[in-house]
Amino acid sequence: MGDLTTSPALGSDHSVRYLPDETPLPMPPCRLDRSTDARPARQRASGAVAGRRLFIFGGTVAITAGGAFEMYDVLKVGGVTVLEGIVLALFLVLLAWIAFSFMSSLAGFFVLLRRRQDVLPIDSHGPLPAITGRTAMLLPTYNEDPHHLTARLRAMHESIGETGHAALFDWFLLSDTTDPNIWISEELAFLELQRNCGSGRLYYRHRSDNTARKSGNIAEWVRRFGGAYDCMIILDADSLMSGDTLVRLVHTMEANPQAALIQTLPIVVNARTLFSRLQQFSSRLYGPLIAAGNAWWHVSEGNYWGHNAIIRMKAFAQEAGLPELRGRKPFGGHILSHDFVEAALMRRAGWGIFMAPALGGSFEEVPPSLLDFAARDRRWCQGNLQHLAVLPARGLHWVSRLHLLTGIGSYLTAPLWLLFLLLGILISLQAYFVKPEYFPKGFALFPTWPAQDPVLAAWVFAATMGLLILPKLLAYLVLLTKRAERQAFGGGFRVLAAVIAESLLAALIAPSMMIFQSTAVAEILLGRDAGWQVQRRSDGGIRREEVYRKFAVPSLCGMAMAASAYAVSLPLLLWMSPVIIGLALAIPIGLVTSAPTRMARLFATPEDNLSPAVLKRARELACLSRIEVPGALLALWQTPGLLRAHMESLEPPPRKSRWIDVDLAIARAKIEQSDSFQEVVASLSARETFAVLKHRVALEQVVKLQ
């Protein structure tokens, strides 16, 4: 058996307190069929806000109408067939989607050029303001690496201490972990964190029943402890925020009593693989443009991304209790993508939902590979499609409904693009193999020539691609006007080269993502639940066999498309080559992008070149040696201090229960039949060990064995 590296935190002189005294706050589930009656002063859109929204939607309609007219001109020669009519309808929907995003980016371009954030002004460079309210920092976790988790938490705790406002912030590590070894590692890491920080404001809670996942985790905390706090700041397992940013967020909430939520723009950091480098660079350069545009016309009807945001406790508890949707999974049950819905419910009650895109000091990480990104996307896809049941909810603001529709559309557009491509190939095959009818029924002096205008089609294609590429160029132009930021990126020429390289690589990756998202939508429509999988946050580490297996479908789709296009003509094959190349090379693209890259310098961001203090500190702490736990039960058996702390943290079992914990029953039977500690540890499965760790009596039986 291995030995546990003993931590000084487990000494007898170290007092352990996992949780503060409870301060309950009611948080009833809301009704989707009935809007709330108790509302603060409802905010109405001013003429200026209406003008902004007219600009966005008027521009979207104008671009879509112009594109639809040109596409109709391409198809109308010889009459529009049924298939061509479907293609035209699909093009109309997809172009509207692209035009809507383009108009928001265009608005962001002008906002950033003006260098004036007038939606919710936050002075991000002046002296720190005074704050008075108490804030809870909530970090929900599920089977994450405790070492890196507490490294980021400690860096934030130290950063807030440097502001002089540490006494107004309490920190909660809220665990939904189901892996027994990670659970005990979390407790050990937490005790070490308490010792290092020397603070009684760090708390840990492990939830034995992780009902409703992250949203249920937070709601359970609110009902038990929310009454003691004015606001809470929600973090993700990979979140990092500076103390300066935290204080400014709290001050902004105190200065704007109508605000229920302020969402920051997290900056992606710590990317190592080529795929994550691409995500980090693109989000850092293009993200502020898009976010500024959205904040400009959303105003108080913004959205919530689930983390790196501050929320007013009163508004959240009164209005954001989530109901359980009717029906079976994947559409029924607990709401997975809870953030959009919580924001919509608080806005329904009249509270303001704002975004602060210009406030820095907010960071996150991204999946290291395309497969990890697709796996996370699969969960988000199911959660967003669940919003179809939320859309009819009474009293929602129309912009909130639009947010829900945007989330749904972000996944439905993938199968629509795939259908658009397949119908285009089918029309070409039909024209090639089916004999045309030059003289239709009825009298005609001249024949009908069944042909499309290839030149006009090329112009339509080029204009559509321009709408996708132009926002990147606009973001680059904004960067050129900011000398300090341009230098932090590494100079204008390097950024231009990176924009070109990123655009080409993104074009190669996009077809595979189209297949993955289309597959996800199909699986959900067939009733397959995504489950709750642990997100991989390492350097990639994907086996070649996994890449071959999971990229086989995109590769086969690419070969089938290539064969179909070549069967018609070589020009059609060349026309579709951007999609076909990305699919046919899916396997090598998956391998190359999931590995550490030599192009790190090309895609470097300001956070790589000039790392903020909190980011540097988090990296330093992550590099320290970790305490290795050989096994959950063995660690408790070897370390009385850890065992004592764990026992004190366990909640008393319910007096009566209508159901039997099968894993616990089997575990207790095995304990009774075992003669030694080693024997019982070897006989218990992971699920049975987890059940023992939750049960005080069973655990006492195990640790008493020799």
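About the cut-offs
Residues numbered from 1 in each chain as written. Predicted model: local features only at pLDDT ≥ 70, side-chain atom pairs only at ≥ 80, totals over all residues. Heavy atoms only, no water. Helix = DSSP H or I, 4+ residues; strand = E, 2+ residues; numbered from the N terminus. Rg over C-alpha atoms; globule rule 2.2 N^0.38 Å. Buried < 20%, exposed > 50% of the residue type's maximum accessible area, 1.4 Å probe, protein only. Contact = heavy atoms within 4.5 Å. Areas by Shrake-Rupley, 256 points an atom, 1.4 Å probe, with all protein chains shown as cover. Lys, Arg positive; Asp, Glu negative; His and termini not counted. Charge placed at Lys NZ, Arg CZ, Asp CG, Glu CD. Axes fitted to C-alpha atoms, helices over the stretch in contact; angles between N-to-C directions. Parallel < 35°, antiparallel > 145°, perpendicular 65-115°, else oblique. Nonpolar A, V, L, I, M, F, W, Y, C, P; charged D, E, K, R; others polar. Pairing = 2+ DSSP bridges. 1 Å grid on protein atoms, 1.4 Å probe; cavity = no way out; pocket = protein on both sides within 12 Å on 5 of 7 lines; lining within 4 Å. Points joined across faces, edges and corners; volume = space filled by probe spheres on them.

(A) Highlighting the overall build of the protein. A tally of helices and strands in the protein yields 27 helices and 10 strands. The C-alpha atoms of the protein give 28 Å as radius of gyration, which agrees with the globular expectation for 706 residues (27 Å, within 12%). Summarising its shape, the C-alpha atoms of the protein cover approximately 100 × 60 × 55 Å along the three principal directions. The buried share of the protein, taken over its 706 residues, is 54%. For the protein, restricting intrachain contacts to residue pairs at least 6 apart in sequence, the fraction spanning at least 24 positions comes to 85%. For the protein, the computed accessible surface area is about 32100 Å², with 61% contributed by carbon and sulfur atoms. Computed over 69 positive and 59 negative side-chain charges, the inter-centroid distance for the protein is 5 Å.

(B) Structural context of the packing of helix 4 (residues 180-197) against helix 23 (residues 640-649). With their axes 11 Å apart at the nearest point, helix 4 and helix 23 run at an angle of 105 degrees to one another. Taken together, the axes of helix 4 and helix 23 are roughly perpendicular relative to one another. Contacts between helix 4 and helix 23 pair W183, I184, E187, L188 and L191 from the former with L642, A645, H646 and S649 from the latter. Split into classes, the residues belonging to the contact of helix 4 with helix 23 amount to six nonpolar, two polar and one charged.

(C) The arrangement of the sheet that holds strand 4 (residues 231-234) in detail. Within the open sheet, the seven strands sit side by side as 3-2-1-4-8-6-9. Their pairing is mixed. Two strands close off the open sheet at either side, each with one partner strand: strand 3 (202-206) and strand 9 (352-356). Averaged over all adjacent pairs, the angle separating strand axes in this sheet is 20 degrees, with direction ignored. For strand 1 (residues 135-141) and strand 2 (residues 169-175), the ladder comprises seven bridges, and the chain directions are parallel. Note that in strand 2 the partner of L138 across the bridge is F172. In this fold helix 4 packs onto strand 1, strand 2 and strand 3, with an angle of close to 170 degrees to the strand it touches most, strand 3. Sheet contacts for helix 6 (residues 243-255): strand 1, strand 2, strand 4, strand 6 (259-264) and strand 8 (309-312); angle to strand 6, the most-contacted strand, approximately 155 degrees.

(D) Empty space enclosed by the protein, seen in detail. For the structure on display, the rule yields three cavities of 30 Å³ or more. What the second largest cavity holds in volume is close to 40 Å³. As for the second largest cavity, its lining consists of A374, D377, R378, C381, Y411, M513, F516, Q517 and A520. Elements with a contribution of two residues or more to the lining of the second largest cavity: helix 10 (370-386) and helix 14 (492-525).

(E) Geometry of the environment of L505. Residue position: L505 is located in helix 14. Sequence separation of L505 and L265 is 240 residues, and the distance between their C-alpha atoms is 24 Å. With residues near it in sequence (within four places) discarded, L505 still touches L274, L278 and F603.

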